[in-house]
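Listed here are the chains, written in short residue letters.
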Amino acid sequence: MRVSWTRVPSVALYSLRDCKATPVLGVSHLGNGSSADYQVSGILERMIRKRFISCCRKRKFRASRLTHSMDLRTMTQSLVTLAEDNMAFFLSQGPGETARRLSSVFAGVREQALGLEPTLDHLLGVAHLFDLDAETPANGYRSLVHTARCCLGHLLHKSRYVASNRRSIFFRASHNLAELEAYLAALTQLRALAYYAQRLLATNQPGALFFDGDEGLTTDFLREYITLHKGCFYGRCLGFQFTPAIRPFLQTLSIGLVSFGEHYKRNETGLGVAASSLFTSGRFAIDPELRGAEFERITQNLDVQFWKAFWNITEMEVLSSLAKIVSTTVRVSRLLSLPPKAFEMPLSTDPKLSVTISPPLAHTGPGPVLVRLISYELREGQDSEELSSLMKSEGPRSLDLRPRPPQAPRSPSLIIHIHGGGFVAQTSKSHEPYLKTWAQELGVPILSIDYSLAPEAPFPRALEECFYAYCWALKHCTLLGSTGERICLAGDSAGGNLCFTVSLRAAAYGVRVPDGIMAAYPATMLQSTASPSRLLSLMDPLLPLSVLCKCVSAYAGGEIEDLSDSDQKALGVMGLVQRDTALLLRDLRLSASSWLNSFLELRHKYHPKSVPMAESMRRSVSEAALAQPEDPRGTDPLKSLTLHDLNLRGSTGTSDTSELSLSAETLGPSTPSDVNFLLGPEGAQDEVEARDELNSKKRGHGISASFPEGFHPRRSSQGATRMPLYSSPIAKNPFMSPLLAPDSMLQSLPPVHIVACALDPILDDSVMFARRLRNLGKSVTLRVVEDLPHGFLSLASLCQETRQAAALCVERIRLILSPPGPAPPRPV
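Residues numbered from 1 in each chain as written. Predicted model: local features only at pLDDT ≥ 70, side-chain atom pairs only at ≥ 80, totals over all residues. Heavy atoms only, no water.

*Asks:* An account of the nonpolar core is requested, with residue identities and associated values reported.
*Replies:* Soluble globular proteins tend to pack their nonpolar side chains together in the buried interior. Counting 208 residues, the largest nonpolar core has Leu 193, Ile 357, Trp 438 and Phe 792 as the members making the most contacts within it. Per element, the largest residue contribution to this core is 17 residues, and it comes from helix H6 (residues 173-203). Excluding residues that lie within four positions of it along the chain, Ile 357 makes contacts with Lys 341, Ala 342, Phe 343, Met 345, Phe 467, Tyr 468, Cys 471, Tyr 509 and Val 511. (Core = buried A, V, L, I, M, F, W, Y, C linked by side-chain atoms within 4.5 Å. Buried < 20%, exposed > 50% of the residue type's maximum accessible area, 1.4 Å probe, protein only. Helix = DSSP H or I, 4+ residues; strand = E, 2+ residues; numbered from the N terminus. Contact = heavy atoms within 4.5 Å.)

Have a look at this one:
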């Protein structure tokens, strides 16, 4: 074999040796005695590169495994020792600015680690009291400690690297300084969250995870919490708490988010935004600090319509076609439109009696309900004329050249699926990839419900449509390719919430409840409150604090749609794309100019003595958002009165059918009042603000007094946020917050299987809901997956960890459809 040699700079070879990889041979070993470094090309070059990459991965894995095996005290002591050693070294390097900042950052690491360790140790010592059982060690306190340990582990790994390489002439001081400063900021904020968790621990009732103090103390707590700086978690530290395999996806998602948000208000939506975002995303990829600041501004300033537009990008024809290519191929995937006609359903206690199921009425009046039927095989009834008459066109149909297979017999089971999306975004089309996998692995037809979305259709419209579709599926299961012997309700996030409430409503009507529920990371508490796991929303890139607030507020009727853009919204996603095509060339020209300008800005940033440049074309997210006038929000006295009456009825604790039906006549359109996880509405009444301020003064210094002397967390640069606590009565409704349902209602639920995420801000919803069902003697299981974010089902094909978590959901569904003992068929 002939080996060729090419000359390379010695710095490249040094970097290989510095990373402990196999040194590259030089020509002096084989030829003319020259001392210049060479590397092998061709086969040997690929072998060396592969060895180098493998070595680096093994080192990272060993470091991660070592830090995870350490106890908290040993990790803290090791970090403090390394920080002191590095601090002393850089202090001895003279008066240089970089050396001074490195010494200062290691001093900060030492201070924060020593201050954080006793607080984490205290939380860890009592965390077991809040677990569901000994086999399920999961709750918000454990998650917060685990997140802090991850941050300490990253700092420990970086400190070791600095100690080993600080004397090298190739040591990148500026890069390592930026990394250390970013993680020091994150550690400081985590220390503040640990103190907040301690306050929750002292205030809550024994065993309770949700904050249930007096209203004034709750207001103080939330007002203090929302002022914390969040941008440090969305820059260099983005997703540090999750599995490494998912971090590149999160980084790509955050770059796309800030690029999309920058042009959202200026260019409307559609193809123009996508083109502009593509050109301006480069600087967010190379500048993590800028990305973190923009991410924080987007999450605080842009309304729920932005999140609808961004999350619905996956609904565009191009992306959905790509997803269809890589997903499992199924024989049946049809969109059906159920006509708004009333029908009769037999009572579960006496099939000779029946109850009328009315079509959805709330807010917009009677209307069809869209559902999607997915089946891996063509089964009997799925090609019937009656079902074909309900099909709704989704554009031009492709020609299926596959030979028509014989019909499979009807399945004894049926899965009814309700998708997530924060009650405001996505459809069954976004969730179709993993639903096709379910259909293949379980061999069961799946009916996924496309309910109407908030804020255009707030509570209880989605509940009414899901309940109507559920009853229709029970009555017409033979058309769907099932005999209906076993029925499983399955949903994720907001869909999990609707699975519980649909079952509660079915029991209230007296119709058959499902044989079991599989809920993945469900939201069961939509009332304004705090919990240890919801403190994690400060750093979660998929469920930031303000996004939680805006989604739940929209579902409760607090977010009013922008009527000025009603014509634009009526076009739909593809209509917007077609409309924006005419503006594409203009957008490309402007975006290219902005792209070039942004890189000239970077050049000017690193060469401050150069000639000052003109103002960039780029407008910040906050400027773009705040430049748009807000529409006035009117209130309807009749709506407010209806909600007040509902609250009075809900407080009596009764659960008769007339109160639980929640028809449009009972609720009417909901009142514009903000209901959210942690915040109150903007612009509340002055007298309420004055009362809150007075109560705060009476209580003294508030929750910030729980910080030790000398500790000051970083505050948000977005300015003061005026959000006094104001709870809407509708958030206490058990059909919106099933965790608040009385025992008599929860007794009617079937066996429940919950799959939650340990690092999910709504983990405590699952833990507390499972504990309530367990205390009532109901059949309930809770499985908690580690190191994955909220929404892992939509990321099922991303990495091995998400595939395993998705397989766990399939296993839970299989337990419902195939119980251990034989079950007699139930009447439909």
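Next, the rest of the story.
*Asks:* Give a description of the packing of aromatic side chains that names residues and reports values.
*Replies:* According to the stated counting rule, one finds 21 aromatic pairs in the structure shown. For the ring pair Phe 423 and Tyr 555, a centre distance of 3.8 Å and an interplane angle of 10 degrees mean the geometry is stacked. In this pair, Phe 423 is assigned in the loop between strand E7 (411-418) and helix H15 (432-442) and Tyr 555 in helix H18 (residues 545-555), connecting sequence segments 132 residues apart. Its relative accessible area of 1% is what places Tyr 555 among the buried residues. Through pairs of rings, three or more aromatic residues link up here, namely Phe 260, Phe 306, Trp 307, Phe 310 and Trp 311. (Phe/Tyr/Trp six-rings, centres within 6.5 Å; stacked < 30°, edge-to-face > 60°.)

*Asks:* Account for unusual backbone geometry, with residues named and values stated.
*Replies:* The amide bond that connects Ala 454 to the next residue, Pro 455, takes the cis arrangement and shows omega of 0 degrees. Residue position: Pro 455 is located in the loop between strand E8 (446-450) and helix H16 (461-475). Between Phe 459 and the following residue, Pro 460, the backbone shows a cis peptide bond with an omega angle of 10 degrees. Along the polypeptide, Pro 460 turns up in the loop between E8 and H16. Located in the positive-phi region is Gln 426, a residue other than glycine, with phi close to 70 degrees.

*Asks:* Before we move on, can you summarise the packing of helix H3 (residues 72-91) against helix H5 (residues 140-165) with the specific residues and values?
*Replies:* Viewed as axis vectors pointing N to C, H3 and H5 meet at an angle of 35 degrees, and their least axial separation amounts to 9 Å. Helix-helix and strand crossings are classified by hand; for H3 and H5 the assignment is left-handed. Between H3 and H5, the residues in contact are Leu 72, Met 75, Thr 76, Ser 78, Leu 79, Leu 82, Asp 85, Asn 86 and Phe 90 and Arg 149, Leu 152, Gly 153, Leu 155, Leu 156, Ser 159, Arg 160, Val 162 and Ala 163, respectively. Residue composition of the contact of H3 with H5, grouped by class: ten nonpolar, five polar and three charged. (Axes fitted to C-alpha atoms, helices over the stretch in contact; angles between N-to-C directions. Left-handed = near helix turned anticlockwise from the far one by under 90°. Nonpolar A, V, L, I, M, F, W, Y, C, P; charged D, E, K, R; others polar.)

*Asks:* Outline the pairing of strand E9 (residues 482-492), supporting the account with residue identities and numerical values.
*Replies:* For E9, a buried count of nine out of eleven residues is recorded, marking the element as mostly surrounded by other parts of the structure. As paired strands, E7 and E9 are joined by seven bridges and run parallel to one another. What sits directly across from Ile 415, in E9, is Cys 488. Looking at chain direction, E9 and strand E10 (residues 516-520) are connected through five bridges and run parallel. Bridge assignment links Leu 489 to a residue of E10, and that residue is Ile 517. Tracing the backbone out of E9, into helix H17 (residues 494-509) and back to the parallel element E10 gives a crossover that is right-handed. (Pairing = 2+ DSSP bridges. Right-handed = clockwise from strand over helix to strand, strands pointing away.)

*Asks:* Before we move on, could you go through helix H11 (residues 288-301) and cite the residues and values that matter?
*Replies:* Along its 14 residues, H11 runs 20 Å from first to last C-alpha, staying within 8% of the 20 Å computed at 1.5 Å per residue. Of all 14 residues making up H11, ten are buried, and the element is well covered by its neighbours. Looking only at H11, the buried set comprises Pro 288, Leu 290, Arg 291, Gly 292, Glu 294, Phe 295, Glu 296, Arg 297, Ile 298 and Thr 299. (Expected span 1.5 Å × (residues − 1).)

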